[in-house]
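Commentary on secondary and tertiary structure
Letter by letter, the chains look like this.
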Amino acid sequence: MYRALTHDIEITVEPFYLEEQSEPDENRFVWGYRIVIVNHSDDTVQLCDRYWRITDAVGQVDEISGEGVVGEQPILAPGDQFEYSSGCPLDTSSGMMVGQYRMERQDGESFMVDIPAFSLDVPGMARTLN
């Protein structure tokens, strides 16, 4: 489990390897990840945009950005949490993901929240360090 706290918004990530969707002989490795966002602040906030930086074992970088997460732009009142799952395919048996969410308070003020860096590793395989 990976965790980050920015502006009283807590992000936890739990990655998991999806063996049934992966085809190692064809260099296709797929992971899922579960993210929980908890609003520990005194303000109601909305998740507006996401940004991901995905790096595979040979240093290939893919950057992804867009509105919301899994088709939603959730609004979190103080104490609320939002949970979702998504996935990531790679051409290598390991990699890293890190990112940010752009959040907005009810008064229109935007701020960035860190998504902690997390490792994508096939269970039982040797890790590659870059």
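Up top is the structure these notes are about.
As the structure is a prediction and not an experimental result, all values here were calculated from the model.

1. Notes on the overall build of the protein chain
A count of helices and strands for the protein chain gives zero helices and nine strands. From first element to last, N terminus to C terminus, the protein chain shows the α and β order β-β-β-β-β-β-β-β-β. Reported as C-alpha extents along the three principal axes, the dimensions of the protein chain are approximately 50 × 25 × 20 Å. Taking all 130 residues of the protein chain together, 43% fall into the buried category. Taking as baseline every contact in the protein chain between residues at least 6 positions apart, the subset at least 24 positions apart corresponds to 62%. Split by element, the accessible area of the protein chain, about 7,200 Å² in all, is 44% carbon and sulfur. A gap of 3 Å separates the mean positions of the 8 positive and 24 negative side-chain charges of the protein chain.

2. Details of the sheet that holds strand S1 (residues 2-6)
On the basis of which strands lie adjacent, the open sheet formed by four strands has the order S1-S2-S3-S7 and antiparallel pairing. Lying at the two open borders of the sheet, with one neighbouring strand each, are S1 and strand S7 (81-90). Between one strand and the next, the sheet's axes are offset by a mean angle of 20°, whatever the strand orientation. Here S1 pairs with strand S2 (residues 9-17) via five bridges, running antiparallel. Paired with Leu5 across the bridge in S2 is Glu10.

3. Considering unusual backbone geometry
The phi torsion at Asn27 lies on the positive side, around 55°, for a residue other than glycine. Note on placement: Asn27 falls in the loop between S2 and strand S3 (29-39). What makes Asn27 partly exposed here is its relative accessible area of 47%. Positive phi outside glycine occurs at Val70, with the angle close to 40°. Within the fold, Val70 resides in the loop between strand S5 (61-67) and strand S6 (75-76). Take Val70: its relative accessible area is 44%, and that puts it in the partly exposed class.

4. Describing the nonpolar core
In terms of nonpolar packing, the biggest core is built from 28 residues, with Ile11, Ile35, Ile37, Trp52 and Tyr101 touching the most fellow members. Going through the elements one at a time, S2, S3, strand S4 (45-56), S7, strand S8 (94-105) and strand S9 (110-121) are the ones with two or more residues in this core.

5. So, the pattern of salt bridges
Applying the stated criterion across every chain yields a total of eight salt bridges. The closest approach of N and O atoms between Arg3 and Glu10, which form a salt bridge, is 2.7 Å. Taking relative accessible area as the criterion, Glu10 reaches 15% and is therefore assigned buried. Close ionic contact of Arg53 with Glu63 constitutes a salt bridge, the shortest N to O distance being 3.6 Å. Linking Arg53 in strand S4 with Glu63 in strand S5, this pair joins segments that are 10 residues apart in sequence.

6. Here we look at the packing of aromatic side chains
Per the counting criterion, the structure on display carries seven aromatic pairs. Of the aromatic side chains, those joined through ring pairs into one cluster are Tyr2, Tyr33, Trp52 and Phe118. The positively charged end of Arg105 is found above the aromatic ring belonging to Phe111, 4.1 Å away from the centroid.

Here is what the cut-offs are and how they apply
- Residues numbered from 1 in each chain as written.
- Predicted model: local features only at pLDDT ≥ 70, side-chain atom pairs only at ≥ 80, totals over all residues.
- Heavy atoms only, no water.
- Helix = DSSP H or I, 4+ residues; strand = E, 2+ residues; numbered from the N terminus.
- Buried < 20%, exposed > 50% of the residue type's maximum accessible area, 1.4 Å probe, protein only.
- Contact = heavy atoms within 4.5 Å.
- Areas by Shrake-Rupley, 256 points an atom, 1.4 Å probe, with all protein chains shown as cover.
- Lys, Arg positive; Asp, Glu negative; His and termini not counted.
- Charge placed at Lys NZ, Arg CZ, Asp CG, Glu CD.
- Pairing = 2+ DSSP bridges.
- Axes fitted to C-alpha atoms, helices over the stretch in contact; angles between N-to-C directions.
- Core = buried A, V, L, I, M, F, W, Y, C linked by side-chain atoms within 4.5 Å.
- Salt bridge = Lys/Arg side-chain N within 4 Å of Asp/Glu carboxyl O.
- Phe/Tyr/Trp six-rings, centres within 6.5 Å; stacked < 30°, edge-to-face > 60°.
- Lys NZ or Arg CZ within 6 Å of the ring centre and 35° of its normal.

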